[in-house]
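Per-entry structural report
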Amino acid sequence: MSWLISVIGVGYVGLCTSLGFTAKSYKTTIYDNDKSKLNLLRNGLSPFFEPNLEKYLQDAKQNKLFVIANRLKEAINTTNLTFIAVGTPSKKNGTINLKYIKQATKQIGKALKTKKTYHLIVIKSTVTPGTTVNIVKPLLQEYSNKKCGQDFGLCMNPEFLSEGTAINDTLNPYQIIIGENDKKSGDALEAFYKQLHQNTVPIIRTNLSTAELIKYANNAFLATKISYINTIANICEKIPRADVQTVAKAIGLDNRISPKFLRAGLGYGGSCFPKDLQALIVFSKQKNYKPTLLEATQKVNNQQINHTINLIKKTLGSLSNKTIAILGLSFKPHTNDMREARSTPIIKQLLNQGAKIKVYDPKALPNAKQIFKNQITYAKSAKQCITNTDCTLIVTEWPEFKKLQPPDFIKHMKQPILIDARRIYDPQKFTKNMKYLAIGLGKQ
Ligand code: UDX
């Protein structure tokens, strides 16, 4: 079968997935209700920063593989495999907002009504278990007046890409999860992925709701691993000369544990872990199960903020009128994304306690300006940021911060006090002529 792909929603997942397909020479038609995003893409620009993304976009356009549809109906009519990758933001109570999923599903259902040929619909957005079978399927059937499993297919296929490495993750996934409404739908999607990855990636086939849960289970596990190592880090700080980095390295060598996601620090942020963990907790409680472990993961993550502020206070005493340099604002390096970034609550609390804040980030300054306006000072470089400050706090481990050496802090700061909340410096080098405190580092 030859695949003509469409992707509805060009947020992070939608656009990176589309460009993963075009990079493998599959013509892909995209559509989004937000016309400003489509216009940016028409001009070869990405609506968000992601390394190499614009290069992939340029190649795809040059090779005539990237088609931008003006209407959703056009995207459905000209293709036979549609991925729904619209956003599923959180509601105030932590549950997910299915507004965009419902909107897209209804529009797709209407478009399917006049189609004569089989069409496979695939949910890529993160949705809580039961959503595809209880909400998407009935809406598609109602609006198309067709039967799911017979006239059109339906699968749930979660995405595991990480920001900063998104395209590479799409091109080289660890695994592919196919939740299927029926065997024909699952067979079709499996055939597509086998062709796309030339049979090199393990494929797990299951039902729709299990596939939905796998995505949450994956993210909740990784978040729990981070809170676990942060717990060990906090214990290390109570033990003279103990260092969480050595502990993480050692336990990571046990291949039952693996070294990944054992970087202690300020904790996790971003558009996925906090939202997905909260959604899974609320979902479980609605089903009358209290997920104690997941609640603890969340609590430990929140506590890392106060824990870090206490590290600062330990050296500075009162924060009133002290100037603190914040290096890094994005939720992790190689992105300008500040959604749920640890920098935001840290800065808010420091401001509340009377500190003056100076910040620098290689990519996220425009986003930070929208949040903090003129409450804080924005520097043009890391060195300018630390100049004449009382304390420097590393919030995001951008590679350029790793190049700073003790003399840079000694020369530029009022007093060289460095709080390394992402463990990017070598304690042996940094504890000699300056005050260096780090998460997970016992008294040296
Ligand atoms: C995550 C998942 O990794 C991805 O599979 C899913 O599809 C979306 O959510 P992402 O949010 O892009 O991806 O970032 P990730 O690299 O997982 O990091 C999330 C947060 O955890 C960041 O704030 C990062 O700084 C933090 N983190 C990560 C740690 O604090 N320690 C670690 O060891 C790893």
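Presented here is an overview of the structure given in this document. As the structure is a computational prediction, the values presented were derived from the model and not from experiment. (Residues numbered from 1 in each chain as written. Predicted model: local features only at pLDDT ≥ 70, side-chain atom pairs only at ≥ 80, totals over all residues. Heavy atoms only, no water.)

1. What to know about helix 10 (residues 244-252)
Buried within helix 10 we find V244, A248 and G252. Looking straight down helix 10, one finds its buried side chains confined to an arc of 65 degrees; they lie on one side. Summarising the geometry of helix 10, the exposed residues directed more than 90 degrees from the buried face are T246 and K249. Contacts made by the buried residues of helix 10 are with helix 9 (208-236). Where helix 10 begins, one side-chain oxygen reaches toward the backbone nitrogen of Q245, 2.9 Å away; that side chain belongs to D243. (Buried < 20%, exposed > 50% of the residue type's maximum accessible area, 1.4 Å probe, protein only. Helix = DSSP H or I, 4+ residues; strand = E, 2+ residues; numbered from the N terminus. Arc of directions from axis to C-beta. Contact = heavy atoms within 4.5 Å. Polar contact = N/O pair within 3.5 Å; in protein donor to acceptor, adjacent residues only side chain to side chain.)

2. Regarding the environment of L15
Tracing the backbone through its elements, the reader meets L15 in helix 1 (residues 12-23). Put simply, L15 and F273 are 258 residues apart on the chain and 20 Å apart in space, counted from C-alpha to C-alpha. Apart from residues lying up to four places away in sequence, L15 is in contact with G9, V10, L41, S46, P47, F48, L53 and F66.

3. Digging into the pattern of salt bridges
For the coordinates displayed, the defined rule picks out 18 salt bridges. Taking the shortest distance from any N to any O, the salt bridge between R205 and E190 comes out at 2.6 Å. With R205 in strand 8 (residues 203-207) and E190 in helix 8 (residues 183-196), this residue pair connects regions lying 15 residues apart in the sequence. Look at R205 and you get partly exposed, because its relative accessible area is 29%. Exposure remark for E190: the relative accessible area of 16% places this residue in the buried category. In this structure, D276 engages K275 in a salt bridge whose closest nitrogen and oxygen atoms are separated by 3.8 Å. In terms of burial, D276 and K275 fall into one category: buried. Via salt bridges that share partners, E180, K183, D187, E190, K194 and R205 belong to a single interconnected network. (Salt bridge = Lys/Arg side-chain N within 4 Å of Asp/Glu carboxyl O.)

4. Points about the nonpolar core
Counting residues in each nonpolar core, the largest one holds 76 residues, and the members touching the most others are F83, L189 and F192. The element contributing the most residues to this core is helix 9, with 6 residues. Looking at this core, you find at least three residues from each of domain 1 (5-201) and domain 2 (240-438). Setting aside anything within four residues of it in sequence, one finds F192 in contact with W3, I5, F21, Y26, L81 and F83. If you look at the next biggest cluster of nonpolar residues, it comprises 61 residues, including L316, F331, I376 and F401. (Core = buried A, V, L, I, M, F, W, Y, C linked by side-chain atoms within 4.5 Å. Domains from an automatic or database assignment.)

5. Thoughts on the sheet that holds strand 11 (residues 377-378)
With parallel pairing, the 6 strands of this open sheet are ordered in space as 11-10-9-12-13-14. Either end of the sheet is taken by a strand with one partner, and the two such strands are strand 11 and strand 14 (435-438). Packing of helix 12 (residues 292-316) onto the sheet brings it into contact with strand 9 (323-327), strand 12 (391-394), strand 13 (417-420) and strand 14, and relative to strand 13 it is tilted by some 165 degrees. (Pairing = 2+ DSSP bridges. Axes fitted to C-alpha atoms, helices over the stretch in contact; angles between N-to-C directions.)

6. Some words on the packing of aromatic side chains
A complete count under the given rule lists 14 aromatic pairs for this structure. Measuring from centroid to centroid gives 6.2 Å for F261 and F273, while their planes differ by 55 degrees, and the two rings are tilted. In this pair, F261 is assigned in the loop between helix 10 and helix 11 (273-286) and F273 in helix 11, connecting sequence segments 12 residues apart. On the basis of relative accessibility, which here comes to 33%, the residue F261 falls in the partly exposed class. Following the ring pairs from residue to residue traces out a cluster consisting of W3, F21, Y26, F83, F192 and Y193. The ring of Y118 carries the charged tip of K184 above its face, separated from the ring centre by 4.0 Å. (Phe/Tyr/Trp six-rings, centres within 6.5 Å; stacked < 30°, edge-to-face > 60°. Lys NZ or Arg CZ within 6 Å of the ring centre and 35° of its normal.)

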